[in-house]
Amino acid sequence: MHATARRCAPLLLGAALCCAALQPPAPAAAQTLGGVLPRMDVPPARGALTALGTTLDITRLAGPGADARYNWDADLGIDVDLFDLGLVRGNLLASLETIIGSELRDVDPNQNSYTTDFAVFVRLPRGELGATFHHVSRHLADRADLGSVSWNMVGVSYGDRFAVGPVRVDAAARAMGTVERANVDYIAQLELHAAAELPLNPRVSLVAAAAAVVVPVERAQLGRPTRRGGRLLAGVRLPAGVGAVDLLAGWEQRIDAGQFTRDTPRWFRLGVRLTARAW
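Note that residues are indexed from 1 along each chain, following the sequence as it is written. Restriction of local features to residues with pLDDT of at least 70 applies here, the model being predicted, together with a cutoff of 80 or more for giving and counting side-chain atom pairs; totals for whole chains, interfaces and linings are based on all residues. The basis for every side-chain value is the complete set of heavy atoms in the structure, and neither hydrogens nor water enter the calculation.

Draft legend 1. Inspection of the overall build of the protein at higher detail. The helix and strand labels rest on DSSP assignments: H or I over at least four residues marks a helix, E over at least two residues marks a strand, and numbering proceeds from the N terminus. Within the protein one finds two helices and 12 strands. Each helix and strand of the protein, placed in order from N terminus to C terminus, yields the pattern α-β-β-β-β-β-β-β-β-β-α-β-β-β. Only protein chains enter the area calculation, which uses a 1.4 Å probe; residues under 20% of their type maximum are buried, those over 50% are exposed, and those in between are partly exposed. Burial statistics for the protein: of 279 residues in total, 45% are counted as buried. Per-residue and other accessible areas were derived by the Shrake-Rupley procedure at a 1.4 Å probe size, with only the shown protein chains allowed to occlude residues. Accessible surface, the protein: about 12,800 Å² in total, of which carbon and sulfur atoms supply 66%.

Draft legend 2. Examining the pairing of strand β7 (residues 167–182) more closely. As defined by bridge partners, strand β6 (residues 149–164) adjoins β7 across 15 bridges and the pair is classed as antiparallel. Considered in β7, the bridge of Met153 is made with Thr178. The turn linking β6 back onto β7 is made up of two residues, and Gly165 within it adopts a positive phi angle of 65°. Whether two strands pair comes down to DSSP finding at least two bridges between them. Looking at chain direction, β7 and strand β8 (residues 188–201) are connected through 10 bridges and run antiparallel. Counted as the bridge partner of Ala173 is Leu192 from β8. Between β7 and the antiparallel strand that follows it, β8, lie five residues; Asn183 among them carries a positive phi value of about 60°.

Draft legend 3. Up close: unusual backbone geometry. A positive phi is found at Asp142, a non-glycine position, where the angle reads about 55°. With respect to the helices and strands, the residue Asp142 is situated in the loop between β5 (128–140) and β6. Judged by its relative accessible area of 56%, Asp142 is exposed. Positive phi is not limited to glycine here, since Arg262 has a value of about 60°.

Draft legend 4. The nonpolar core, seen in detail. If you look at the biggest cluster of nonpolar residues, it comprises 11 residues: Val136, Val149, Trp151, Met153, Met176, Val184, Tyr186, Val213, Val215, Val217 and Ile255. Elements with a minimum of two residues in this core: β6 and β9 (204–215). Throughout, a residue-residue contact means that at least one pair of heavy atoms, one from each residue, lies within 4.5 Å. Beyond its immediate stretch of four places on either side in the chain, Met153 contacts Thr132, Phe133, His134, Met176, Gly177, Thr178, Val179, Tyr186, Ala188 and Gln189. What makes a nonpolar core is a set of buried Ala, Val, Leu, Ile, Met, Phe, Trp, Tyr and Cys residues whose side-chain atoms join them at distances within 4.5 Å. Core analysis: the second largest hydrophobic core is formed by six residues, Leu61, Ile99, Ala257 and Trp267 among them.

Draft legend 5. Representation of the packing of aromatic side chains. For Phe, Tyr and Trp, rings pair up if their centres lie within 6.5 Å, where Trp contributes its six-membered ring, and each pair is then called stacked (planes under 30 degrees apart), edge-to-face (over 60) or tilted (otherwise). Across all of its chains, the model carries two aromatic pairs by this definition. Where Tyr70 meets Trp267, the ring centres are 5.2 Å apart and the plane angle is 55°; that geometry is what we call tilted. One end of the pair, Tyr70, is in the loop between β1 (47–62) and β2 (72–84); the other, Trp267, is in strand β12 (residues 266–278), and 197 residues separate them in sequence. Given the relative accessible area of 1%, Trp267 is considered buried. Ring centres of Trp151 and Tyr186 lie 4.9 Å apart, and the angle between their planes is 85°; this geometry places the pair in the edge-to-face category.

Remember, this is a structural readout, not a statement about activity or role.
As structure tokens, this is what we get:
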């Protein structure tokens, strides 16, 4: 990269973060609500099982909202294209999120969230248009069973990858409506996602990401207004073998972090993401 690009790096990444953060209402939830989307820039490859990606995130939570229930956030995701017809591809994304606290012991996994997305994408001259079925199921660990918490949604998405000078940008939006729910009041979910990568050399890139999610609710059920969440992240990416290692720091506002407590804490995040891809 030439000297001008290096000098512009902080400004470009800062602009990418600020633009994403300005999307209403304000920063986005992790896997509990929002945050998991399949990759939308997979090259066409006709056949079955044509693309596979796996991601592991280990994140330390800190700050006023990270009490004894919320010390660590561990996420494992699998993103696979089941078929690809060139113009159309079918994708399955599955993820497991485990929240680890210190209430009962020093390392106390206390809840798990399972997310499954099945989506069909149509490749357009610019970007991809998708139709999605989205399922989330939440479960307490080592606690009394207080009932089922789950919801199913269907909706549409649009995503694109483009360049702004030397910066590679991924942007996506998704809108979904609830078709079934148990012990939640969510009636819809609206999401905005943006990520930027600025390669400094073949071994190091600067990365940044932002997301926002708005969740309209049935007010009569729990007597509360629309929920809002968000996330901002920034760090470095170290390409390695078939994937990459990301070192990330950021801030998050999490919608309904507790399965039944209905809290919306804010905390800082510091973690590592391991990504492996085969496409």
